[in-house]
There are 2 protein chains.
Amino acid sequence: MSWLYLAFEPTEQQTYLDLLLSSGLQADDIQRTPDHNTKVTFGSPRKIAETLKEMPNLAWAHSSWAGVEPLLQQPRDNFELTNTRDVFGPLIAEFVFGYLLLFEKNILAKYENQQLGKWDDQLPGTLRGKTIGIAGVGSIGSHVAMVAKSFGMITRGLTRNSTDCRFIDRFYTSANPVGFGTGLDYLVGVLPNTTYTRDLINGAMLAALNTGAIVINVGRGATLDERALEIELRNDHLRGAVLDVLKTEPLPTQDPLWQVPNLFITSHTSAPSFPAQVIHPFLKNLHLFKQGQPLLYKVSFKQQY
Amino acid sequence: MSWLYLAFEPTEQQTYLDLLLSSGLQADDIQRTPDHNTKVTFGSPRKIAETLKEMPNLAWAHSSWAGVEPLLQQPRDNFELTNTRDVFGPLIAEFVFGYLLLFEKNILAKYENQQLGKWDDQLPGTLRGKTIGIAGVGSIGSHVAMVAKSFGMITRGLTRNSTDCRFIDRFYTSANPVGFGTGLDYLVGVLPNTTYTRDLINGAMLAALNTGAIVINVGRGATLDERALEIELRNDHLRGAVLDVLKTEPLPTQDPLWQVPNLFITSHTSAPSFPAQVIHPFLKNLHLFKQGQPLLYKVSFKQQY
């Protein structure tokens, strides 16, 4: 009897089906439609949320994304919820350091001077010895901190509970956002969207950053006050910012945010889900599920992450 | 009696003098002009080479640069020669990964689409799992390999003697440049300029790289065949290249190399000498020198590095 429903977007469904069948799942395990026999579902949080009412006996849902807002915004919580981790940390770290180095190495200015045939020997800056603040110290934030250490940086973490990351030099709580921001050269937001994190990266935190600081948000758009960021960019307190996530996605073509100076908008691409990577946390948990053991990567409906 | 001559470029002389005086050296130690009392000199390799004939009793010369070609191209070798290490590795690593991520994260394309107000959700590539070849495994190459490991990459090293770097997965010698190049996604040149390294990064090595590979040279311009690189860029075998060092520096405005597609020219800025960092290896060696102990960071006139 089939018991697993794959709840992916239509464009992804076949890719995941093929990968899972070649990873040892049987065609008989997989349902064509969700029903009262569905014990497990794996898919995008939006599709799972849409399908929940058709799976009354669901025991476990595994999200192919890190963010699971659609599943937190519906009332039902009588199933185990897990999400995709250990996959996005490396991708987010690449994104963060790609943009920090874009600024520090003056890459755009050198590229423009090259068009003029100009030998531009202006010296670049360096990450080494700078202080980076990471708002959100889960598996993604920890990975960013690890790479920051390989570049010789000083690291701070803003977190409610995760104070055991060995790559973070000093921890702060959201009770002290200004203390966290004071003295930072770089601020990286990797916060989930919860009732506790709305606009946690606010005007007071941004104003506390070092002059010339760089801000990157790869968490959720809801966690950063876009208007406050624009003010700090326009008054030259900040050197630059990168928003991969926004309060409105996709950002409309006419939105003035596109034109804010020194603001890069990267259209929610910092952590693409590569199916060949995303299936691994699911398969690891499926093994545990079949053995009746506790699952990894659990999301608390109460904590919302 | 004074015994130390500072042989810096005029623009740097005062900065280094001030730093050394505030680091414990006495004004009496430092000579205004080089003479038969000069036991030690510290400065740029070009200025030291120009001054050698006035320092007949020189025991030790310390170069403020990593590359020491001017001191190898003159006949005298009856003094100890040391150079600046452990300072440039972090800077070069930042440069290398800044440009690799510029390509992988499609940063320029996203920036251009932003000007059009276009939500560009094309997915980026990743460094993770890719193979990077590092030609030259000294203190700089080792540092690049260390950061590559923090990004989850597979590493190869091309070296004559330095096969003890724990961040390199596999070593190759210059007897097998094509074997080294075969299967590389990224090639980074950090070779010194010696009689053994001229055009070591040649057409055969470049042709062996994976289709779509990226080449970065931060060693010396003499070590890479620029014409062969241009061919591999123009026939789209390579995705891109970055030359921080060139056979002719500064590159003349009219040189056609400026206009080669997907070639970035960065005007020998990848590893700026920050005097506050550069004095440390010198001071460490000076302490050893005064105690009559063996010096660190020795350059062999025979091996030329």
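Our structure is the block above this text.
Residues numbered from 1 in each chain as written. Chains lettered and ligands numbered in written order. Predicted model: local features only at pLDDT ≥ 70, side-chain atom pairs only at ≥ 80, totals over all residues. Heavy atoms only, no water.

Colleague: Describe the pairing of strand β3 (residues 60-63) of chain B, listing the residues and the values that go with them.
Modeller: All names here are of chain B. Every second residue of β3 is oriented toward a common face, with W60 and H62 on one face and A61 and S63 on the other, all of them buried. Summarising the sheet, strand β2 (residues 40-43) and β3 pair through four bridges and their orientation is parallel. Among the inter-strand pairings, V40 is bridged to a residue of β3, identified as W60. Where β3 and strand β4 (residues 80-82) come together, three bridges link them in parallel fashion. The residue of β4 that forms the bridge with H62 is T82. (Buried < 20%, exposed > 50% of the residue type's maximum accessible area, 1.4 Å probe, protein only. Helix = DSSP H or I, 4+ residues; strand = E, 2+ residues; numbered from the N terminus. Pairing = 2+ DSSP bridges.)

Colleague: Talk me through the environment of R198(A); I want residue IDs and the actual numbers.
Modeller: Residues and elements named next belong to chain A. With respect to the helices and strands, the residue R198 is situated in the loop between β8 (186-189) and α8 (203-208). Classification of R198 by relative accessible area gives partly exposed; the value is 44%. Placed 26 residues apart in sequence, R198 and L224 show a C-alpha to C-alpha distance of 7.2 Å. Here T194 takes part through its backbone oxygen, which lies 3.5 Å from a polar atom of the side chain of R198. (Polar contact = N/O pair within 3.5 Å; in protein donor to acceptor, adjacent residues only side chain to side chain.)

Colleague: Please give an account of the relation of the copies chain A and chain B that cites residues and values.
Modeller: Mapping chain A onto chain B calls for a screw motion: a turn of 180 degrees about the axis and a shift of 0.0 Å along it, with 0.1 Å RMSD after fitting. On this basis, the relationship between the two copies can be described by a two-fold rotation axis. Ranked by how close their C-alpha atoms come to the rotation axis, the residues of chain A are headed by G98(A), at 2.7 Å. A shared interface surface links the copies, since 100% of the contact residues of chain A are contact residues in chain B too. (Least-squares fit on C-alpha atoms with pLDDT ≥ 70 in both. Contact = heavy atoms within 4.5 Å.)

Colleague: So, the sheet that holds β3(B): which residues are in play, and what are the values?
Modeller: Residue and element names in this part refer to chain B. With parallel pairing, the four strands of this open sheet are ordered in space as β1-β2-β3-β4. Since the sheet does not close on itself, it has two edges, and those belong to β1 (4-7) and β4, each with one partner. Strand after strand, the sheet turns through a mean of 15 degrees between neighbouring axes, direction not considered. Two strands pair when backbone bridges link them, and β1 and β2 are joined in this way by four bridges, in the parallel orientation. Across the sheet, L4 pairs through a bridge with V40, a residue of β2. Running over the sheet, helix α1 (residues 10-21) touches β1 and β2 and is turned about 140 degrees from β1. Along the sheet face, helix α10 (residues 275-290) touches β1, β2, β3 and β4 and points at about 160 degrees away from the line of β3. (Axes fitted to C-alpha atoms, helices over the stretch in contact; angles between N-to-C directions.)

Colleague: Outline the pattern of salt bridges, supporting the account with residue identities and numerical values.
Modeller: Residues and elements named next belong to chain A. Overall, the coordinates contain 28 salt bridges over all chains when judged by the stated rule. The partner of D120 in a salt bridge is K110, and the shortest N-O contact between them spans 3.8 Å. Of the two residues, D120 is situated in the loop between α5 (107-115) and β5 (131-135) and K110 in helix α5; the sequence distance between them amounts to 10 residues. Residue D120 shares its accessibility class with K110, and that shared class is buried. Across the salt bridge formed by R227 and E230, the nearest N and O atoms sit 3.6 Å from each other. Pair noted here: R227 and E230 are both in helix α9 (residues 226-234), with a separation of three residues, about one helical turn. (Salt bridge = Lys/Arg side-chain N within 4 Å of Asp/Glu carboxyl O.)

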